[in-house]
Amino acid sequence: MSFLISLSGMNAASADLNITSNNVANASSTGFKASRGEFGDVFAASAHGLSANTVGAGVRLQRVAQQFAQGNVDYTGRSLDMALTGEGFFTLSGSAGITYSRAGNFGADREGYVVNPAGQRLQVFLPNASGDGFDTGRMSDLRLATGDAPPRATSSVSLGLNLPGNATPPEMAPFSADDPATYNHTTSVTIYDSLGAPHSQSMYFVRTANPNEWQVYTRIDGVDVGGPQTLQYSDAGVLLAPAGGNIPLPPHTPPGGAAPMEITLDLERSTQYGDRFGVSALVQDGHATGRLSTIEVSAEGVVSARYTNGVSTPLGQVALTNFANPQGLQPVGDNAWAETHGSGLARRGAAGTAEFGMIQGGALEASNVNLTEQLVNMITAQRNFQANAQMIQAQDALTQTVINIR
């Protein structure tokens, strides 16, 4: 019996060494979680037959418990690298079904899908059709946009400017864009048609003979768009008319086959103060065609494609998963785990909500293996193995003595 007790101790020490060796081997594996051997004593008799003097029958490995403590976050600068800080797992889809991982070293395959080194595809919540928020009840593979961002025709030009209150009407009349003597001030902005082609829109401001009254003329690429529009200010310099400051311009058809441009001038933020003309804001809502420049990941896990025209399009929100008992997950290799009965049902969600942590783009979570601790464990397991081997040697000597009795 004593041989078997010592043999169980040697097996337990060997299992402890195996666990330690695996931890050390994966000290540089992204998102790896260290394991710990948990052992329990063994008694040969049933619970009803035990007494205070019962001797145990050795030791056994009860379970290999994974330690899901947070690993260090290392910044890489790669746009598709993601590090989880806090609770949750990345959700992956592959040939073996749905698996879960803390390793965020993702890249794109030849079809544009975002995958890990094992070829498993990252799951995301897709944007709602309305463009507002994400459908957290439906997951899909994340696929990067590879085409150009479509252009958007300008529909509004907003000006924040000040017209000098002490200005006098121009010396020359009528208005001519080619003669600066026929207007007081001018400013211009680049606008875009439905095909993304740029055009120059110029606004000319002319002080009239009436108190606090101005006229604005608009030209696009040197072509007049409508006639003069009247601006009326109060004696305190606040815009009174048109109401709300909006001036709808007549449709302008640009060359090249684009749709007619229907633009509204927004002068609500214009004033008539002091003695100087100044433009504080000049904004238009159109843009040209854009090429993909980079992929961005927000702290909430929103993956967006940013284009050269400044447009950012959300592609999806990273789907995170958590479990009531993460230690019940089954390791399946490649830094991934599978759901089991012991882990409880998968709970989906987005980063920064409920029980889920945040996502850092351009970073990776390192292994949580503490090499110093593992080396101490190695020495301890080695000593345990040697001690149990010494026990077998001592028991063998006792047995040999009994055999040699004459």
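What comes next concerns the included structure. Here the structure is a predicted model, which means the values were calculated and not measured. Sequence order sets the numbering: in each chain, residues are counted from 1 along the sequence as written. Two thresholds apply to this predicted model, a pLDDT of at least 70 for residue-level local features and 80 or more for giving and counting side-chain atom pairs, whereas whole-chain, interface and lining totals are computed over all residues. Remark: hydrogens and water are excluded; side-chain values derive from all non-hydrogen atoms of the structure.

**Re the overall build of the chain**
Here comes step 1: Secondary structure elements are taken from DSSP: a helix is a run of H or I of four residues or more, a strand is a run of E of two residues or more, and numbering for both begins at the N terminus. Secondary structure assignment for the chain yields 2 helices and 29 strands.
Here comes step 2: In terms of overall dimensions, the chain is more spread out than a globule: its C-alpha atoms have a radius of gyration of 37 Å, far above the 22 Å expected for 406 residues.
Here comes step 3: Throughout this description, buried means an accessible area under 20% of the type-specific maximum (1.4 Å probe, protein chains only), exposed means over 50%, and partly exposed covers the range between. Burial analysis of the chain (406 residues in total) assigns 41% to the buried set.
Here comes step 4: Residue contacts are counted whenever heavy atoms from the two residues lie within 4.5 Å of one another. If you take every contact in the chain between residues at least 6 apart in sequence, the share linking residues at least 24 apart comes to 60%. We compute the radius of gyration from the C-alpha atoms alone; for a globule the expected value is 2.2 Å times N to the 0.38, where N is the number of residues.

**Details of the pairing of strand S10 (residues 134–141)**
One face of the sheet, then the other: side chains in a regular strand alternate in exactly this way.
Here comes step 1: Where strand S9 (residues 121–127) lies against S10, 4 bridges are found, and the strand directions are antiparallel. By the bridge assignment for S10, Gln-123 is matched with Asp-141.
Here comes step 2: Connecting S9 to the next strand, S10, in antiparallel fashion are 6 residues, including Gly-131 with a positive phi near 85 degrees. At least two DSSP bridges between two strands are required for those strands to pair.

**Things to note about a nonpolar patch on the surface**
Here comes step 1: Together, Phe-39, Leu-61 and Val-64 give the surface a local cluster of nonpolar side chains, amounting to about 210 Å² of exposed area.
Here comes step 2: Position of Phe-39 among the secondary structure elements: in strand S1 (residues 35–42). Only residues whose relative accessible area exceeds 30% and that take part in no salt bridge are eligible for patches, with like-charged residues grouped when within 9 Å of each other and nonpolar side chains (Val, Leu, Ile, Met, Phe, Trp, Tyr) grouped when within 5 Å. For accessible areas, the Shrake-Rupley method is used with a probe of radius 1.4 Å. Any residue's cover is judged against the shown protein chains and nothing else. Note on definitions: salt bridges are taken to be side-chain nitrogens of Lys or Arg within 4 Å of carboxyl oxygens of Asp or Glu.

**A short note on the pattern of salt bridges**
Here comes step 1: The tally for this structure, following the rule as stated, stands at 12 salt bridges.
Here comes step 2: Glu-355 is the partner of Arg-347 in a salt bridge, and the nearest nitrogen-oxygen pair spans 2.7 Å.
Here comes step 3: Note on Glu-355: relative accessible area 30%, which makes it partly exposed.

**Considerations on helix H1 (residues 2–25)**
Here comes step 1: The span expected for a helix works out to 1.5 Å for each residue beyond the first. For H1, which comprises 24 residues, the first-to-last C-alpha distance of 34 Å matches the rise-based estimate of 34 Å (1.5 Å per residue) to within 8%.
Here comes step 2: Buried residues belonging to H1 abut S1, strand S2 (58–66) and helix H2 (371–403).

**A few points about the sheet that holds strand S18 (residues 246–248)**
Here comes step 1: The strand order across the open sheet formed by 4 strands is S18-S19-S11-S20, and the pairing between neighbours is mixed. One side of each edge strand has no neighbouring strand; the edge strands of this open sheet are S18 and strand S20 (278–284). The sheet shows a mean angle of 20 degrees between the axes of neighbouring strands, taken without regard to direction.
Here comes step 2: Pairing of strand S11 (residues 156–162) with strand S19 (residues 264–266) involves 3 bridges; the strand directions are parallel. Bridge pairing in S19 links Ser-156 to Thr-264. Throughout, an axis means a line fitted to C-alpha atoms (over the contacting stretch in the case of helices), and angles, computed between N-to-C directions, take values from 0 to 180 degrees.

**Comments concerning the side chain of Ser-101**
Here comes step 1: If you trace the backbone, Ser-101 turns up in strand S6 (residues 97–101).
Here comes step 2: Overall, Ser-101 belongs to the buried group, its relative accessible area being 2%.
Here comes step 3: Within 3.5 Å is the distance limit for a polar contact, defined as a pair of N or O atoms, with the added protein rule that one can donate a hydrogen and the other accept it, and that residues adjacent in sequence qualify only through two side-chain atoms. A polar side-chain atom of Ser-101 sits 2.9 Å from the main-chain amide nitrogen of Ala-103.
Here comes step 4: Of the polar contacts made by the side chain of Ser-101, one reaches the backbone oxygen of Asn-335; its length is 2.7 Å.

**Focus: the packing of aromatic side chains**
Here comes step 1: Centres within 6.5 Å make a pair out of two Phe, Tyr or Trp rings, where for Trp the six-membered ring is used; the pair is then stacked when the planes are under 30 degrees apart, edge-to-face when over 60, and tilted otherwise. Under the definition given, this model contains 11 aromatic pairs.
Here comes step 2: One aromatic cluster is present, formed by Phe-68, Phe-89, Tyr-100, Phe-323 and Trp-337 through successive ring pairs.
Here comes step 3: For a ring to carry a charge above it, either NZ of a lysine or CZ of an arginine must fall within 6 Å of the ring centroid while also lying within 35 degrees of the normal to the ring plane. Lying over the aromatic face of Tyr-113, Arg-121 brings its terminal NZ or CZ to 3.7 Å of the ring centre.

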